Amino acid sequence: MGKTRMTAVDLRAAVSELSQKLVGQRLQNIYDINPKMYLLKFSGKGDQKEYVVIEVGSRIHTTTFSFEKPKVPSSFTLKIRKHIRQWRLDSLRQLGCDRVVEFNFGSGEKTIRLIIEFYAKGNLIMTDHEYTILGLVRTHTTEDAKYAVRATYPTTDIQLFRPMTRERMEEAFKAVEEGEGNVSLKTAFTNSTEYGPAFVEHCLLNAGARPNFKKAGAADTGRKIADTLLDAFKEPDAFLRDVPEPKGYLIRRLKADEAASASTAILSTRASAEAYEDFAPVLYKQHQAEGLQVEKFDTFNEACDYYFSAVDQSQVEQHNEKSKKAALTKVEKALANHRRRIEELEKEQNVNLDKALLIETHIDDVEAALSIIRSAVGRAVDWTELARIVKEQKRLGNPIASIIHELKLEKNKVSLLLQHPDVDEDGNSEVHVVDVDISLSAHANARTYFGAKKKIQEKQVKTQAAEGKAIASASSKAKKKIQEKQVKTQAAEGKAIASASRKAEKQTKKKTFEPKKDILSVRKVLWFEKFNWFISSENYLVLAGRDAQQNELLVKRYLKKGDIYVHADIHGAASTIIKNPTSSGIPPDTLYQAGNMAVCRSSAWESNIVISAWWVHHNQVSKTAPSGESMPTGAFMIRGKKNFLPPTKLQMGAALIFRVHDEHAKRHVGERMVMNYEGGHEGDETSSVGAPTQSVAPSICAASEAPSSIHCNKNLMERYGLHTEAYTE
C-alpha cells in the first residue's frame, strides 16, 4: 500500500504553493464531501477559481477533479459558511514544523481561523482571533488540552523548527544504543527531527550511512561520519527554513516485465491511473534506485492531486469489481439452483419409472400380497395382530410374506421388497422398497407410478424452458439489490454528514465512505464561457449577453478599444461585441455573423421576423443618458451613425469544439482566413476589395450548415488568455 498522508515536509511544500495562489482570494464556498473531506472554492481576479481539497489527517492540495457533493451540507459546514463565506483569505501558514495548517480570514478582532490537523485522526477546527474554538469536526480530550466548542485551541504545544546540531545527532545515536539492536538510524533521526522518514533516509544515504542498520555498532558507525551527516542534514534544514520552488514527484515500483525494459529516468508524461508508492516535493535518493519509476510534475500540488485521484480511482475500480462479482455470484447461484432442480426432477422420474417397472416385473407377487392384506383388513383383523402374523409367516418362509417390508395401513399403503431383474458380476441384484396402494390393483399401482413419472417429465420440460427467464430474473434482481444497496449507502452518508459536527468520529469508525463514480478531471472554464459566444469563420471571438445584467457587464468590462458593438432594433436583442486583437478592421463575414447572433437572440426568433442588425465602433457606445433621463440596466446610448447590415436569416446551428495543444496547433495554421468580398481568401490572386455583392451565410459558433474547422491563431489566443491551447473543431 502506498503513502496515505502528508508529512511535515510535504505540508511545508504544499502550503508554500497554496499561499502564493490563494492569499488575497475570497472563499466563495465550502462543501463537505464526507465527514473527513472538505472542498474549498476560492475566487480571485476576473474568473480565476481554485479548488482546494482537505482531508483531515491526510492531505491538502489544489484539485482539478470533480467530487460528488451532498445535497444537504452538515451543520458544521453551514457554520463555516455563515462565518467566513465570501471573506478574503488574509494568510495561510503551517504552524511551526508541525502537521497543522492555519487559514486566516479577516484581520484584527474579526479574524476567523480554520485550523486543520494532519496527525493522528486529524481535525478541522474554526476559531476566533483569540483561538477560542467556534466549531470543530472531532471533539476529544488529551492529557494536555480539551478540544471542544468554547475551549481555547492550544498553540503552545506546536513543534517549532530546530536546525540539526551535533547535540541533536548525539541524542539520536543514544536512542539507537538504548534500543539494543531494535532501533535503526532512520527510526532514531525520524523520531527526533521534523524531517520525516523519507527525507531522513535521503540524508543518511547521501552521507553514506545504512538507514535501516540495527545491529550493535550502528551508533558508532554514525558517529564516525558525524561531520558528513551534519552537512547532509543542511538540505532539509534549508528546505524547512525557506522553501524553494518545489516540484512534484510520483514514484511507483515497476513490475518485473516493466523493470526489464524501463529505466529509472524522470518521466514528464503521465502514466495511467494506478496505485503509486510515494509522492514527494524533492527527488530523494532512495527513489532513484533500480526498479522505480519517477514521474515529474511542475508543482507539488499537481503531483498530490494526481496521486490521490489515482488512489480514489483505484477504490472506485475495486468497488465496481466487487459489485460486478456480487452480481455474477447471484446469477451463478441461480443457475446452479436451477440445474440442481432439473437433476432432482430427472432423479424423481427415474425412481418412479423403476418402481413401475418393478411392479410389472413382479405383478403376480404384488397382486397376491395386496389380496392377503385386503382380505385381512376386510375381516377387521387388528393391525398389530396382522403385523405379528406377517412376521410369523416370514419366519416360516412364506414367499408372499417375505416381500412385505412394512405395513402403512394408516396411509392405506404397504411397502414391498421387489428384486431388480438385473444382476451384477457376482450374481447379486438390488432390492428396492416400493410403496403400493391397498385399494388399487397391481396394474393400477404401476400406472400410478408411470403417471407420476410423466407429470415430472412435463415439469422438467417447463423448468428447462424457463431457464433463460430465471437467469435473467436473477441477474435483474442482483442488479436491483446492488442499486438499492448504493441508495441506502448514499442515504446513510447523507445522514452521517448532517450530524458530522457532533458524531464524525463515531460514524467514521462504523462506516467507510467509498466513492461510487469514476474520478474525472474538470476542465478549467474560460473567462468568456459565461456569455453566449462563438468564433467566427475568420477567427474572431464574438460575445453576446444572456440577459440585461450580462449585457451591462459585457460592455462595461470587455468592450475595449478597436472592438465592435453589434445590436438590433428589436425587443430582446443581445448586446454583442466582436473582440478585435488587431488594429485592422473587422471583415464583413464576421460582422454579418455577429449580427445574425444579435437577431437570433431576440424576440425575432419566436416571432419569425426578418430584421437587420447594425454595428458601431466602441467609442460610440455610452452609458450616459440625455439630460433628465435614466438608462436602465443593459441599455446603452449610441452616438453617431449606425452601420446597418443586410437582413439575416433566422438560422443557428451547433458544433463541437475540441482543445488541442500548442504542439498540434501548427497543423491548423491558415485553416481559417479572412474572406474577401467575392468569397476568396485574402492574399489570393483573385482577391479584391470593394462592396459585397451578396450576403454570406452565417457560421455562428460553427453555426453554419457546413461548419469549417475552428482555430485561433497565437496572437488571438494570447489576447484572450489562451496561452497553451488552441481550439479546433
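Please refer to the structure higher up on the page.
Residues numbered from 1 in each chain as written. Predicted model: local features only at pLDDT ≥ 70, side-chain atom pairs only at ≥ 80, totals over all residues. Heavy atoms only, no water.

(A) Up close: the overall build of the protein. Within the protein one finds 21 helices and 28 strands. Classification of the 729 residues of the protein by burial places 44% in the buried group. For the protein, the share of sequence-separated contacts (at least 6 apart) that also reach a separation of at least 24 residues comes to 64%. Summed over its atoms, the accessible surface of the protein is roughly 39200 Å², and 50% of this surface lies on carbon and sulfur atoms. (Helix = DSSP H or I, 4+ residues; strand = E, 2+ residues; numbered from the N terminus. Buried < 20%, exposed > 50% of the residue type's maximum accessible area, 1.4 Å probe, protein only. Contact = heavy atoms within 4.5 Å. Areas by Shrake-Rupley, 256 points an atom, 1.4 Å probe, with all protein chains shown as cover.)

(B) Structural detail: the sheet that holds strand 1 (residues 26-34). Overall, antiparallel pairing links the four strands, which are arranged 1-2-3-4 in an open sheet. Both edges of this open sheet fall to strand 1 and strand 4 (59-62), since each of them pairs with a single strand only. For this sheet the average axis-to-axis angle between neighbouring strands, irrespective of direction, equals 15°. The pairing of strand 2 (residues 37-43) with strand 3 (residues 49-55) spans seven bridges and is classified as antiparallel. Bridge assignment links Ser43 to a residue of strand 3, and that residue is Lys49. Taken strand by strand, helix 1 (residues 8-22) contacts strand 2, strand 3 and strand 4, and its axis lies near 35° from that of strand 4. (Pairing = 2+ DSSP bridges. Axes fitted to C-alpha atoms, helices over the stretch in contact; angles between N-to-C directions.)

(C) The arrangement of the nonpolar core in detail. Of all hydrophobic cores here, the largest spans 74 residues; its most connected members are Phe42, Ile60, Phe103 and Phe189. Residues contacting Phe42, with those up to four places away along its chain left out, are Leu22, Gln25, Arg26, Leu27, Gln28, Gln48, Lys49, Glu50, Val52, Leu89, Phe103 and Phe105. Counting 24 residues, the second largest nonpolar core, distinct from the first, contains Ala376, Leu386, Ile404 and Leu418. (Core = buried A, V, L, I, M, F, W, Y, C linked by side-chain atoms within 4.5 Å.)

(D) Geometry of the packing of helix 1 against helix 8 (residues 234-241). The N-to-C vectors of helix 1 and helix 8 enclose an angle of 40°; their axes lie 10 Å apart at closest approach. For the element pair helix 1 / helix 8, the angle class is oblique. Here helix 1 and helix 8 pass one another in a crossing that is left-handed. Contact residues: helix 1 offers Val9, Arg12 and Ala13, while helix 8 offers Phe239, Leu240 and Arg241. Tallied by class, residues from the contact of helix 1 with helix 8 come to four nonpolar, no polar and two charged. (Parallel < 35°, antiparallel > 145°, perpendicular 65-115°, else oblique. Left-handed = near helix turned anticlockwise from the far one by under 90°. Nonpolar A, V, L, I, M, F, W, Y, C, P; charged D, E, K, R; others polar.)

(E) Up close: the sheet that holds strand 19 (residues 532-535). Strand order in the open sheet made by the six strands is 19-20-22-21-23-26, with antiparallel pairing throughout. For this open sheet the edge positions go to strand 19 and strand 26 (643-644), each flanked by a neighbour on one side alone. When strand 20 (residues 541-544) meets strand 22 (residues 576-578), the two strands line up antiparallel, connected through three bridges. Bridge pairing in strand 22 links Ala544 to Thr576. Across the sheet, helix 17 (residues 548-558) lies against strand 20, strand 21 (564-568) and strand 22, angled at about 135° from strand 20, the strand it touches most.

(F) The packing of aromatic side chains, seen in detail. Using the criterion set out here, one finds 23 aromatic pairs in the structure. With centroids separated by 6.5 Å and ring planes inclined at 5°, the aromatic side chains of Phe42 and Phe105 adopt a geometry described as stacked. With a gap of 63 residues between them, Phe42 in strand 2 and Phe105 in strand 6 (residues 100-105) connect regions that are remote in the sequence. Each member of the pair, Phe42 as well as Phe105, carries the same accessibility label: buried. Three or more aromatic residues joined by ring pairs form one cluster here, namely Tyr276, Phe279, Phe297, Phe300, Tyr306, Tyr307 and Phe308. Between Lys3 and the ring centre of Phe279, over which it is positioned, the NZ or CZ distance is 4.3 Å. The ring of Tyr31 carries the charged tip of Lys69 above its face, separated from the ring centre by 5.1 Å. (Phe/Tyr/Trp six-rings, centres within 6.5 Å; stacked < 30°, edge-to-face > 60°. Lys NZ or Arg CZ within 6 Å of the ring centre and 35° of its normal.)

(G) Structural context of the environment of Glu201. Mapped onto the elements, Glu201 comes out in helix 5 (residues 196-206). When the C-alpha atoms of Glu201 and Phe189 are compared, they prove to be 9.1 Å apart, with 12 residues separating the residues in sequence. Beyond its immediate sequence surroundings of up to four residues, Glu201 is in contact with Lys186, Pro211 and Gln286.

(H) Focus on the side chain of Ser602. Here Ser602 is to be found in the loop between helix 18 (588-600) and helix 19 (604-607). Excluding residues that lie within four positions of it along the chain, Ser602 makes contacts with Ile570, His571, Gly572 and Ala573.

(I) The arrangement of the side chain of Asp278 in detail. Topologically, Asp278 is positioned in strand 14 (residues 278-280). Separated by 3.1 Å, the side chains of Asp278 and His287 make a polar contact. Beyond its immediate stretch of four places on either side in the chain, Asp278 contacts Lys3, Tyr249, Leu250, Ile251, His287 and Tyr307. (Polar contact = N/O pair within 3.5 Å; in protein donor to acceptor, adjacent residues only side chain to side chain.)

(J) Representation of the pairing of strand 16 (residues 404-408). By the bridge criterion, four bridges tie strand 16 to strand 17 (residues 413-419) in an arrangement that is antiparallel. Residue pairing in the sheet places Leu407 in a bridge with Val414 of strand 17.

(K) Molecular detail of the packing of helix 5 against helix 8. It is the contact of helix 5 with helix 8, at a shortest axis distance of 9 Å, that shows an interaxial angle of 145°. On helix 8, the residues that touch Phe199, His202, Cys203 and Asn206 of helix 5 are Glu235, Pro236 and Phe239. Within the contact of helix 5 with helix 8, the residues separate by chemical class into four nonpolar, two polar and one charged.

(L) Local environment of a negative patch on the surface. A surface patch of negative charge is lined by Asp424, Glu425, Asp426 and Glu430. By the element assignment, Glu430 lies in the loop between strand 17 and strand 18 (431-437). In this structure Glu430 comes out as exposed when scored by relative accessible area, which is 54%. (Patch = residues over 30% accessible without salt bridge, like charges linked within 9 Å, V, L, I, M, F, W, Y side chains within 5 Å. Salt bridge = Lys/Arg side-chain N within 4 Å of Asp/Glu carboxyl O. Lys, Arg positive; Asp, Glu negative; His and termini not counted. Charge placed at Lys NZ, Arg CZ, Asp CG, Glu CD.)

(M) The arrangement of the pattern of salt bridges in detail. This structure, assessed with the given rule, holds 23 salt bridges. The salt bridge partner of Glu367 is Arg374, with a shortest N-O separation of 3.2 Å. Of the charged contacts in the structure, one is a salt bridge between Arg388 and Glu385, with a shortest N-O distance of 2.4 Å. Here the residue Arg388 and the residue Glu385 both occupy positions in helix 12 (residues 383-396), the gap between them amounting to three residues, near one helical turn. On the basis of relative accessible area, Arg388 is assigned to the partly exposed category, the value being 47%. Each member of the salt-bridge network shares a partner with another, and the members are Glu170, Glu177, Asp220 and Arg223.

(N) Broad picture of helix 1. Across its 15 residues, helix 1 extends 20 Å between first and last C-alpha, which sits within 8% of the 21 Å expected from 1.5 Å per residue. A large share of helix 1 lies buried, amounting to 12 of its 15 residues. For helix 1, the complete set of buried residues consists of Ala8, Val9, Asp10, Leu11, Arg12, Ala13, Ala14, Val15, Ser16, Glu17, Leu18 and Leu22. Once helix 1 finishes, Gly24 follows within two positions and takes phi at roughly 100°, a positive value. (Expected span 1.5 Å × (residues − 1).)

(O) Highlighting the environment of Tyr558. Counting through the fold element by element, Tyr558 comes out in helix 17. Once the C-alpha coordinates of Tyr558 and Phe528 are considered, the two residues, 30 residues apart in sequence, prove to be 9.6 Å apart. The contacts of Tyr558, once residues within four sequence positions are left out, are Asp47, Trp527, Lys530, Phe531, Leu553, Asp563, Ile577 and Lys579. Polar contacts involving the side chain of Tyr558 include one to the side chain of Lys530, which spans 3.4 Å.

(P) Broad picture of unusual backbone geometry. A positive phi angle is found at Gln86, which is not glycine, with a value near 70°. Position of Gln86 relative to the elements: it lies in the loop between helix 2 (75-84) and strand 5 (89-94).

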